[in-house]
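Residues per chain, in single letters:
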Amino acid sequence: MSEKATISERRSHPLAMFLTWFLVVFLVLFPKGGIKLAGIPFTWGYVAIGVTAPILLIVRLTQMSLTLPMRLVAALAMLIPFQSLFIYSGVANGVTELQYSIGNVISFFFFPLVFLCVYPPFLSYIDGRRLSQYFRWCIFLAAVWGLLLFFVKPVLGHFIEIPYLTVNAADYGQLEATKHIARGYYGKLISTYNNGNLYGVATLILLPLYQVLERSWWRKAVVLAALLLTLARSVWAGLVIAEALPLAVLLLRQAETFPVVYLGKALKSVLALILTIGLVFVALLFNAGAGLNFLFDPTAGGRTSELLGFQSAGLVPERGLSGFYEVAYSAAAVNYGWLGFCAFSLIMVSPLLLLLVDPSALRSPTRRAALHGLVLYSIIAWVDGAIQLIPVMAFYWFTYMIFLFGWPGEKASALAKTDNRSVGMKWPRLRFGVSAPASTL
């Protein structure tokens, strides 16, 4: 994406900026830093969200307008079918895996509430330029740390680990034994995410936004190199798809002239796609002895067997609440029935459906980039959704928030002609010294 977002400087609230800095650092740069209690990871970023969200919710309800734009109402409505099936399954079938069930509550109930309803009004207190700096540097530094580990580990014979920061304290010294990161001499690039596939999938969600906000070509190249050296087929496929999606959109716009196609601006996308495919083959050289058989493995590393789960799916949930495995759509069918598969698919395609309500997203560089990341994830989830792994769903719903509301401080021209329809409700207001314009949300 060559078009850049224009982010203006603005006055910001110091407390809002500190919380923003903390969340970006401990979700993007150090997502695994934390501890475990009863086997459940408590990471600093997730703890910060859990502690501050209730406080901000109270301020949100008592001091800010409760008028909701129609696009938000539509987004929340498309969550209801899956949430209803989840509740039904818990009541009817009980809980099979408590830890993963808690994770699903966070992913599909708590995070949507926080990122779509609680946080957006507070975006007006955030300096978009500074948030962009935090965002870009944390993605870049995570890539740098990953490259450092990738090339230093074969020399030292072990990973460099900083407990409570780059690894959960309970996982210190256990990365190679528990994370399935072996790839011959080098191993996967895992960064601070402790897992190559996780780092790749999570970063791919944010990649289109990063490409719009980051102006340095060499820093973009560093992030691209890190993603390639994850040596993960799902990540490589995601990189190819990330370049193919804009090209597909450009070509679809020329359907009227088909079979005569005028490449024009698409030529750059074609060259980027060819370059990305070529770099995948270069990265394959670091996967000792794998060869093309690894790249074109018909079982996709055993994941195709997960698709057999569709054969055992019923119409409604018939199993106790449990986790999602790698092929997220198949897991939705197995755990929640065919209705669950449809409900989960609705969530994945909802950003595209919302364009019917609010097509103005296509006129904003950051909102369009966020849409690109959401669509990219909806495709990758057919191979490796990593839904259960921190911080994938936090990234997903953050990106969804940017898709709906834009980047803080983005110039009004980029957000012009947004959907003005709304649903409002009255609520008694208390004053705590903080307020936001009614138009914020």
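Our structure is the block above this text.
Since the structure is predicted, the reported quantities are computational estimates derived from the model, not experimental observations.

How each quantity is defined
Residues numbered from 1 in each chain as written. Predicted model: local features only at pLDDT ≥ 70, side-chain atom pairs only at ≥ 80, totals over all residues. Heavy atoms only, no water. Axes fitted to C-alpha atoms, helices over the stretch in contact; angles between N-to-C directions. Helix = DSSP H or I, 4+ residues; strand = E, 2+ residues; numbered from the N terminus. Parallel < 35°, antiparallel > 145°, perpendicular 65-115°, else oblique. Left-handed = near helix turned anticlockwise from the far one by under 90°. Contact = heavy atoms within 4.5 Å. Nonpolar A, V, L, I, M, F, W, Y, C, P; charged D, E, K, R; others polar. Phe/Tyr/Trp six-rings, centres within 6.5 Å; stacked < 30°, edge-to-face > 60°. Expected span 1.5 Å × (residues − 1). Buried < 20%, exposed > 50% of the residue type's maximum accessible area, 1.4 Å probe, protein only. Pairing = 2+ DSSP bridges. Salt bridge = Lys/Arg side-chain N within 4 Å of Asp/Glu carboxyl O.

Enquirer: Before we go on, may I ask you to explain the packing of helix H4 (residues 80-93) against helix H14 (residues 328-354) in this structure?
Expert: Angle between the axes and distance between the axes: these two values describe a pair of packed helices. Running from N to C, H4 and H14 cross one another at 155°; their axes reach a closest spacing of 8 Å. Looking at the two axes, H4 sits roughly antiparallel to H14. Read as a crossing pair, H4 and H14 show a hand that is left-handed. Touching Pro-81, Phe-82, Leu-85, Phe-86 and Ser-89 of H4 are Asn-335, Tyr-336, Leu-339, Gly-340, Ala-343, Phe-344, Leu-346 and Ile-347, all from H14. Taken together, the residues of the contact of H4 with H14 break down into 10 nonpolar, three polar and no charged.

Enquirer: Looking at this structure, I do not really get the packing of aromatic side chains. What am I missing?
Expert: Where two aromatic rings form a pair, the distance of their centres and the angle of their planes describe that pair. This structure, assessed with the given rule, holds 39 aromatic pairs. Ring centres of Trp-21 and Phe-22 lie 6.4 Å apart, and the angle between their planes is 65°; on these two criteria the pair is classed as edge-to-face. One aromatic cluster is present, built from ring pairs that chain together Phe-82, Phe-86, Phe-108, Phe-109, Phe-324, Tyr-329, Tyr-336, Trp-338, Phe-341, Phe-344 and Trp-382.

Enquirer: Explain helix H16 (residues 392-405) to me, please; I cannot follow it from the model alone.
Expert: In an α-helix, one turn spans 3.6 residues, which is why side chains three or four residues apart end up on the same side. Here H16 is 14 residues long and its end C-alpha atoms lie 20 Å apart, about the 20 Å a rise of 1.5 Å per residue gives. A large share of H16 lies buried, amounting to 14 of its 14 residues. The first or second residue beyond H16 is Gly-406, which carries a positive phi of 80°.

Enquirer: I'm lost on the pairing of strand S1 (residues 34-37) in this one. Help?
Expert: The side chains of a regular strand alternate, first on one face of the sheet and then on the other. Pairing between S1 and strand S2 (residues 40-43): four bridges, direction antiparallel. Residue pairing in the sheet places Ile-35 in a bridge with Phe-42 of S2. Remark: two residues form the turn of the hairpin made by S1 and S2, two consecutive strands paired antiparallel; Ala-38 in that turn has positive phi of roughly 55°.

Enquirer: Can you help me understand the packing of H14 against H16 in this one?
Expert: As a packed pair, H14 and H16 sit with axes 11 Å apart at the nearest point and diverge in direction by 10°. The orientation of H14 relative to H16 falls into the category roughly parallel. Note on element contacts: H16 touches H14 through Tyr-396, Trp-397, Tyr-400, Phe-403 and Leu-404, opposite Ile-347, Met-348, Ser-350, Pro-351 and Leu-354. A per-class count over the contact of H14 with H16 returns nine nonpolar, one polar and no charged.

Enquirer: Please explain the environment of Ile-49 as it appears in this structure.
Expert: Mapped onto the secondary structure, Ile-49 falls in helix H2 (residues 44-63). Residue classification places Ile-49 among the buried residues on the basis of a relative accessible area of 0%. Sequence separation between Ile-49 and Leu-19 is 30 residues; the distance between their C-alpha atoms is 9.3 Å. Apart from residues lying up to four places away in sequence, Ile-49 is in contact with Leu-23, Leu-27, Pro-54, Phe-110, Phe-111, Val-114, Phe-115 and Tyr-119.

Enquirer: Is there a simple way to explain the pattern of salt bridges in this structure?
Expert: If charged atoms from side chains of opposite charge come close, those side chains can pair. On inspection of all chains with the given rule, the structure shows five salt bridges. The shortest N-O distance in the salt bridge between Lys-36 and Asp-171 comes to 3.2 Å. Of this pair, Lys-36 sits in strand S1 while Asp-171 sits in the loop between helix H6 (128-156) and helix H7 (175-178), and the two are 135 residues apart along the sequence. Overall, the relative accessible area of 10% leaves Asp-171 in the buried class.

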